[in-house]
Every structure is written in C-alpha cells, then in structure tokens.
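Structural description and commentary
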Amino acid sequence: MPAVTVENTLALPRVPQPDPLTDRDRPVVSVTTAPKGYEGEGFPVRRAFAGVDLADLDPFIHMDQMGEVDYGPGEPKGTPWHPHRGFETVTYMIDGEMAHSDSNGGGGLIGGGDTQWMTAGAGILHIETPPEHLVVSGGLFHGVQLWVNLPKSNKMAAPRYQDITSNKVALLTSPDGGALIRVIAGELAGHAGPGSTHTPITLVHATIAPGASVTLPWRADFNALAYALGGAGTVGAERRPIALGQLAVFGPGGALTVAANPGPTPLDVFVLGGQPIREPVAAYGPFVMNTRNELVQAFEDFKAGRLGTIPAEHAE
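Below is a short write-up of the structure.

1. So, the pairing of strand E24 (residues 267–274)
Looking along a regular strand, one sees side chains alternate from face to face of the sheet. By the criterion of burial, E24 is predominantly enclosed, with eight of the eight residues buried. Both strand E17 (residues 201–208) and E24 contribute to a ladder of eight bridges, which runs antiparallel. Counterpart to Thr-207 in the pairing with E24 is Asp-268. With five bridges joining them, strand E19 (residues 225–230) and E24 adopt antiparallel strand pairing. For Leu-225, the partnering residue across the bridge sits in E24 and is Leu-272.

2. Some words on the layout of surface pockets
Within this model, the largest pocket holds a volume of roughly 400 Å³. Glu-39, His-62, His-84, Trp-147 and Gly-285 are, among the 21 residues lining the largest pocket, the residues nearest its centre. Where the lining of the largest pocket is concerned, the elements lending two or more residues are strand E3 (43–47), strand E4 (60–71), strand E5 (79–84), strand E11 (139–149) and strand E25 (282–284). Residues of the lining of the largest pocket, tallied by class, amount to ten nonpolar, seven polar and four charged.

3. Remarks on the environment of Phe-49
On the secondary structure map, Phe-49 appears in the loop between E3 and helix H1 (54–57). Using a relative accessible area of 6% as the deciding quantity, one classes Phe-49 as buried. For Phe-49 and Met-98, which are 49 residues apart along the polypeptide, the C-alpha to C-alpha distance reads 23 Å. Setting aside anything within four residues of it in sequence, one finds Phe-49 in contact with Leu-57, Phe-60, Ile-61, His-62, Met-63, Leu-146, Leu-225, Leu-247 and Leu-272.

Conventions and cut-offs
- Residues numbered from 1 in each chain as written.
- Predicted model: local features only at pLDDT ≥ 70, side-chain atom pairs only at ≥ 80, totals over all residues.
- Heavy atoms only, no water.
- Buried < 20%, exposed > 50% of the residue type's maximum accessible area, 1.4 Å probe, protein only.
- Helix = DSSP H or I, 4+ residues; strand = E, 2+ residues; numbered from the N terminus.
- Pairing = 2+ DSSP bridges.
- 1 Å grid on protein atoms, 1.4 Å probe; cavity = no way out; pocket = protein on both sides within 12 Å on 5 of 7 lines; lining within 4 Å.
- Points joined across faces, edges and corners; volume = space filled by probe spheres on them.
- Nonpolar A, V, L, I, M, F, W, Y, C, P; charged D, E, K, R; others polar.
- Contact = heavy atoms within 4.5 Å.

What follows is the structure, given as structure tokens:
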C-alpha cells in the first residue's frame with residue numbers, strides 16, 4: 001500500500017499532542033463491517049458506510065473501498081458513462097491507475113497517492129476506466145471513492161474538476177514519528193491539504209507503524225470517522241478493535257486516537273470528518289438532492305440531455 005511514502009518520517013512536521021484538559025478524546029460510538037459488493041463493470045468494492053445512520057455520516061453520503069485486488073491480464077474494470085448531480089465525488093488512488101473523463105472537459109490519469117475531485121453540482125456525465133496498458137498487463141488496484149454532499153445553496157453550482165497529484169499532499173507525522181499522515185483536503189493542526197471543498201471537511205490517510213498510536217486534534221464542530229484500509233488496531237481511548245473493512249464512528253470531542261496492533265503489518269486508516277449540513281437528503285442512484293421532486297427533475301434532466309453530453313472523442 002504505497003500511496004505517498006517517505007524514508008524518514010522524523011524529518012516531517014509533527015502533529016502536536018492534543019491537550020487532554022481542553023481537547024477531550026472522542027469516544028467510539030460504533031464499529032461496523034463493510035459488506036462486499038461490485039460496482040461499475042464488475043470491480044469489487046467494500047461499502048464502507050453500510051448500516052451507519054446518515055446523521056452520523058453528514059456531510060458524507062457514500063464511500064467505497066475499491067479493491068484491494070490484483071488483476072490478471074485483461075481483467076481490470078471501470079465504470080461506463082453515468083450522470084451525477086448534487087454532490088462531489090472524490091476518488092483517491094492508493095495502488096494502480098484510473099483514468100477519468102467528464103462532459104465538462106475535466107479528466108486525467110491518477111496513480112498512487114493522486115486524487116480526482118469532481119464537483120457534479122448542477123449535473124455532469126463522467127466515466128472512470130483503467131488505462132489500456134493496465135488492462136493489458138493486469139496489476140494491483142486499490143483506492144477509495146467518497147461522495148461528499150453539497151448544501152442546498154451549492155447543489156446547482158457549476159461543475160468543477162480538480163486533479164490533485166500526490167506531490168501536493170501535506171505530509172505530517174506524530175510526535176514520535178510512528179505515523180505517516182497525508183492531508184488530502186481540509187486542515188489538520190494548521191497544515192492544509194490541497195483539495196478545495198464547498199463543504200468544510202478534512203480527509204487524511206494515515207499509516208501507523210506496528211505498535212504505534214496517534215492522537216489527532218479534530219475540530220469539535222466536525223463529525224469524525226475512521227475506516228481501516230488495511231491491517232488491524234484499535235480506535236479511541238477505550239481501544240476498540242478495528243481491522244480491514246471496518247468503520248469507526250466517533251462521538252463528540254476535540255481529538256481522536258488510532259493505534260496499530262504489534263506485529264509485522266502497519267494499520268492504514270482513512271480518517272475523515274466535516275461540518276454537518278443538517279438538511280434533508282433525498283438520494284437515489286447517481287443523484288443526491290433535498291427532495292423527491294428534485295430527484296425526479298434530475299432524472300428528467302438527464303433523459304433530456306441537460307446534464308451534459310459525451311465528448312465527441314468518446315462518443316463511439
């Protein structure tokens with residue numbers, strides 16, 4: 001699981017240890033196990049948020065762990081052209097490569113540690129596929145796709161695309177150097193990630209060395225979630241067990257703790273949180289709106305071609 005790595009974490013800026021008198025460690029509300037399924041043309045996913053109350057996820061809607069799968073030649077799969085409206089998709093690649101194209105002119109190729117951030121807003125069509133050379137050769141494929149809700153005031157915003165390469169990600173470590181912390185979006189301890197967001201959020205990918213732990217300062221007005229991408233460990237001061245494919249939901253407080261079990265394998269976690277929008281959510285298929293009528297309108301607009309058209313070079 002390379003994503004972005006460094007030879008010496010002790011050379012990185014440190015995340016300060018939160019003050020336990022002012023920044024209470026968040027308790028763990030729940031730990032759930034993601035069911036497995038298939039997406040797009042048939043690539044395997046874990047549904048990270050399955051079974052979790054939407055109020056605990058707000059402002060997030062949906063998250064898939066894509067893979068981890070080692071494809072043989074000819075096996076890599078993607079998604080066909082499809083529409084979105086009312087939210088943002090964040091695709092973070094850990095291993096392998098994924099190509100994106102959309103009806104707004106956005107697109108590019110992302111590999112280990114890169115992120116594609118697409119604001120669907122008022123409507124967009126897009127496609128995500130493995131590049132041809134990866135289809136021919138096969139290889140490791142692993143990533144995360146997250147859906148970030150947009151508030152009512154931004155649901156019909158103009159579509160936007162951000163290509164966030166791995167060298168733009170802010171790299172930090174814990175006070176003892178036992179964790180490599182990658183800040184993809186938002187801010188952590190005064191260090192800002194490159195992702196520009198409509199909804200205030202923080203996205204972090206942390207690799208915690210075996211036997212090490214990290215306590216991250218976390219905005220009290222944000223929710224807090226930690227999803228295990230690989231390895232095993234514990235979450236919270238109460239040391240609740242967590243392992244690959246499990247999501248921890250934290251309660252209120254100003255800090256959160258994640259630790260890796262002793263042994264040969266580090267714990268990789270995707271830590272995320274944001275300011276809850278607290279608006280009604282009407283979600284169905286590729287659309288996330290506030291009301292059922294808005295969902296119906298989104299489907300009608302898609303059928304009428306008002307969410308964009310497939311670029312000519314892809315029309316065949």
